[in-house]
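The primary structure of each chain is shown beneath.
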2 protein chains.
Amino acid sequence: MNLYPEPLALLIECLQKLPGIGPKTAQRLALHLLHVPLEEAETLAQAILDAREKVFFCSVCGNLTDVDPCHICQDETRDRSLICVVEWPRDLFALERTREYRGLYHVLHGVLSPMDGIGPDDLKIAELLHRVKDGQIKEVILALNPSVEGEATALYLSQLLKPLGVKVTRIAHGLPVGGELEFADTATLSRAFLGRSEI
Amino acid sequence: MNLYPEPLALLIECLQKLPGIGPKTAQRLALHLLHVPLEEAETLAQAILDAREKVFFCSVCGNLTDVDPCHICQDETRDRSLICVVEWPRDLFALERTREYRGLYHVLHGVLSPMDGIGPDDLKIAELLHRVKDGQIKEVILALNPSVEGEATALYLSQLLKPLGVKVTRIAHGLPVGGELEFADTATLSRAFLGRSEI
């Protein structure tokens, strides 16, 4: 005999497939959804369907959007000579939150990873080269993660981009603000040394 | 300008209303739902609607169910002379997982809490008394949480139940299995002393 009534068991099973949600949290969320006003549960269900229906990738930069091209690509106040290359839309969101960068973006949708069978054709690299060849771009900023795959992808991209006559830069890696030297790992510390700048 | 496309922003907002889900987790879950096969997202949305539509409270014991009376109330192999009283369906699920108890249940849907304006009429107390008066019941086991409200409710219930000629018991409070005496709080330790049994 089952512990839960069938529809509840199904809901818990679905919730458990979400990242970071274990059996206990799934049960808690499911019971919460049974407890809230009906409208709130229906709004969530509809929001899931709506997001799937209306959100897609911008044909220019690969960011998530509900209009094509996306708001960032359309924004005339942005510096159209700068492209910042990121792995995923979530990285773009993180950079946008800083309100520091006012150029354009390009989302690769991953990094080169031969182990997982991900080669250049699986990423939006051709689209990036196409945008750079169009001529307006003066600098490409690589904001990839400092993982082995991220580094390799950055190197690969810089070799393709430099012959096109654009400046290729990468964001600085070093001590995080608020981080303490004593507790930083050696890789971060050596990067901080290599990337030192005059004051 | 918004960081996220409108339907994604809405989904994140809905997910953030779930217990224990902050803005970062909500973003992660929303992006995950955009990433998985369409079918998986649709199944989750449908599971939420189905659970709301098909799950209700058992008219006998107050447990969550999709048939009335629920499977536990219908189960003829269970000891119908025992009723275990719990606060919420989640407590019932926790007890069922032990596979120790084979009697019936009664879910109060809360505890007495004058501070929150919850009195006897807001709980399924009348239904419990009705079941006990029916005569089959020999023992009522109070499995309420050892909070101030839980204790008060247990006391209140025992005063109502004893005159009906049933045995009223409560589950033991003491050291949790695997817990160490040294680290137990004083309230738990004094309960463990009071509830000592001969070996």
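Rules used in this analysis
- Residues numbered from 1 in each chain as written.
- Chains lettered and ligands numbered in written order.
- Predicted model: local features only at pLDDT ≥ 70, side-chain atom pairs only at ≥ 80, totals over all residues.
- Heavy atoms only, no water.
- Buried < 20%, exposed > 50% of the residue type's maximum accessible area, 1.4 Å probe, protein only.
- Helix = DSSP H or I, 4+ residues; strand = E, 2+ residues; numbered from the N terminus.
- Pairing = 2+ DSSP bridges.
- Right-handed = clockwise from strand over helix to strand, strands pointing away.
- Axes fitted to C-alpha atoms, helices over the stretch in contact; angles between N-to-C directions.
- Contact = heavy atoms within 4.5 Å.
- Buried area = accessible area lost by both parts, 1.4 Å probe.
- Salt bridge = Lys/Arg side-chain N within 4 Å of Asp/Glu carboxyl O.
- Least-squares fit on C-alpha atoms with pLDDT ≥ 70 in both.
- Domains from an automatic or database assignment.
- pLDDT = per-residue confidence, 0-100.
- Parallel < 35°, antiparallel > 145°, perpendicular 65-115°, else oblique.
- Left-handed = near helix turned anticlockwise from the far one by under 90°.
- Nonpolar A, V, L, I, M, F, W, Y, C, P; charged D, E, K, R; others polar.

Novice: So, the pairing of strand 4 (residues 103–107) of chain B: which residues are in play, and what are the values?
Specialist: All names here are of chain B. Counting buried residues along strand 4, five of its five residues qualify, which places the element largely inside the surrounding structure. When strand 3 (residues 79–86) meets strand 4, the two strands line up parallel, connected through five bridges. By the bridge assignment for strand 4, Asp 79 is matched with Gly 103. After leaving strand 3, the chain enters helix 5 (residues 89–98) and then returns to the sheet as strand 4, a path that is right-handed.

Novice: Which residues make up unusual backbone geometry, and what values do they have?
Specialist: All names here are of chain A. Cis geometry is adopted by the peptide bond preceding Pro 69, which originates at Asp 68 and carries an omega value of -5 degrees. One can find Pro 69 in the loop between strand 2 (64–65) and helix 4 (71–74). Here the phi dihedral of Arg 99 falls at roughly 55 degrees; this positive angle occurs in a residue that is not glycine. For Arg 99, the position within the fold is in the loop between helix 5 (89–98) and strand 4 (103–107).

Novice: I'd like a description of the sheet that holds strand 5 (residues 139–142) of chain A, backed by residues and values.
Specialist: What holds strands together in a sheet is hydrogen bonding between their backbones, with the strands either parallel or antiparallel. Residues and elements named next belong to chain A. The four strands lie next to each other as 4-3-5-6, forming an open sheet whose pairing is parallel. Looking at the sheet topology across the chains shown, the edges are occupied by strand 4 and strand 6 (167–170). When the angles between neighbouring strand axes are averaged without regard to direction, this sheet yields 25 degrees. Across four bridges, the pairing between strand 3 (residues 79–86) and strand 5 is parallel. Bridge assignment links Ile 83 to a residue of strand 5, and that residue is Val 140. Strands in contact with helix 6 (residues 125–133) are strand 3, strand 4 and strand 5; relative to strand 4, the strand with the most contacts, it is inclined by about 150 degrees. Contacts between helix 7 (residues 148–161) and the sheet are confined to strand 3, strand 5 and strand 6, with strand 6 contributing the most and set at about 170 degrees to the helix.

Novice: I'd like a rundown of the interface of chain A and chain B, residues and numbers included.
Specialist: On the chain B side, the residues contacting the 51 residues of chain A number 51 residues. Each partner contributes to the roughly 4,700 Å² buried at the junction of chain A and chain B, and carbon and sulfur atoms together form 79% of this total. If you sort the residues of chain A by the area they bury against chain B, Leu 3, Ile 48 and Arg 52 of chain A come out on top, with a joint share of 14%. Inspection of the region where chain A meets chain B yields zero salt bridges.

Novice: Report on the relation of the copies chain A and chain B, specifying residues and quantitative values.
Specialist: Rotating chain A by 180 degrees and moving it 0.0 Å along the rotation axis overlays it on chain B with an RMSD of 0.0 Å. Expressed as a symmetry operation, the mapping of one chain copy onto the other fits a two-fold axis. Looking at the rotation axis and the C-alpha trace of chain A, the residue lying nearest is Ala 45 of chain A, at 2.2 Å. A symmetric contact is evident, with 100% of the interface residues of chain A recurring at the interface of chain B.

Novice: Give a detailed account of the sheet that holds strand 5 (residues 139–142) of chain B, specifying residues and quantitative values.
Specialist: Residues and elements named next belong to chain B. Spatial strand order, 4-3-5-6: four strands in an open sheet with parallel pairing. The sheet terminates laterally at strand 4 and strand 6 (167–170), the two strands that pair on one side only. The mean inter-strand angle of the sheet, taken between neighbouring strand axes irrespective of direction, is 25 degrees. Taken together, the four bridges between strand 5 and strand 6 define a ladder with parallel strand orientation.

Novice: For the domain arrangement of chain A, give the residues involved together with the corresponding values.
Specialist: As far as domains go, chain A holds domain 1 (6–54) and domain 2 (64–198). When each unit is reduced to the centre of its C-alpha atoms, the spacing between domain 1 of chain A and domain 2 of chain A is 35 Å.

Novice: Just give me the short version of the confidence of the model for chain A, but keep the residues and values in it.
Specialist: On average, residues of chain A score 92 in pLDDT, and 99% of them are at 70 or above. Across the assembled chains, the prediction reports ipTM 0.88 with pTM 0.86.

Novice: Could you give me a rundown of the packing of helix 3 (residues 38–54) of chain A against helix 2 (residues 23–35) of chain B, with the residues and numbers involved?
Specialist: For the pair helix 3 of chain A and helix 2 of chain B, the least separation of the axes is 9 Å and the interaxial angle reads 55 degrees. For the element pair helix 3 of chain A / helix 2 of chain B, the angle class is oblique. Considering how the two elements wind past one another, helix 3 of chain A and helix 2 of chain B form a crossing that is right-handed. The residues of helix 2 of chain B that touch helix 3 of chain A, namely those facing Ile 48, Ala 51 and Arg 52 of chain A, are Leu 33, Leu 34 and His 35 of chain B. Per-class residue counts for the contact of helix 3 of chain A with helix 2 of chain B are four nonpolar, one polar and one charged.

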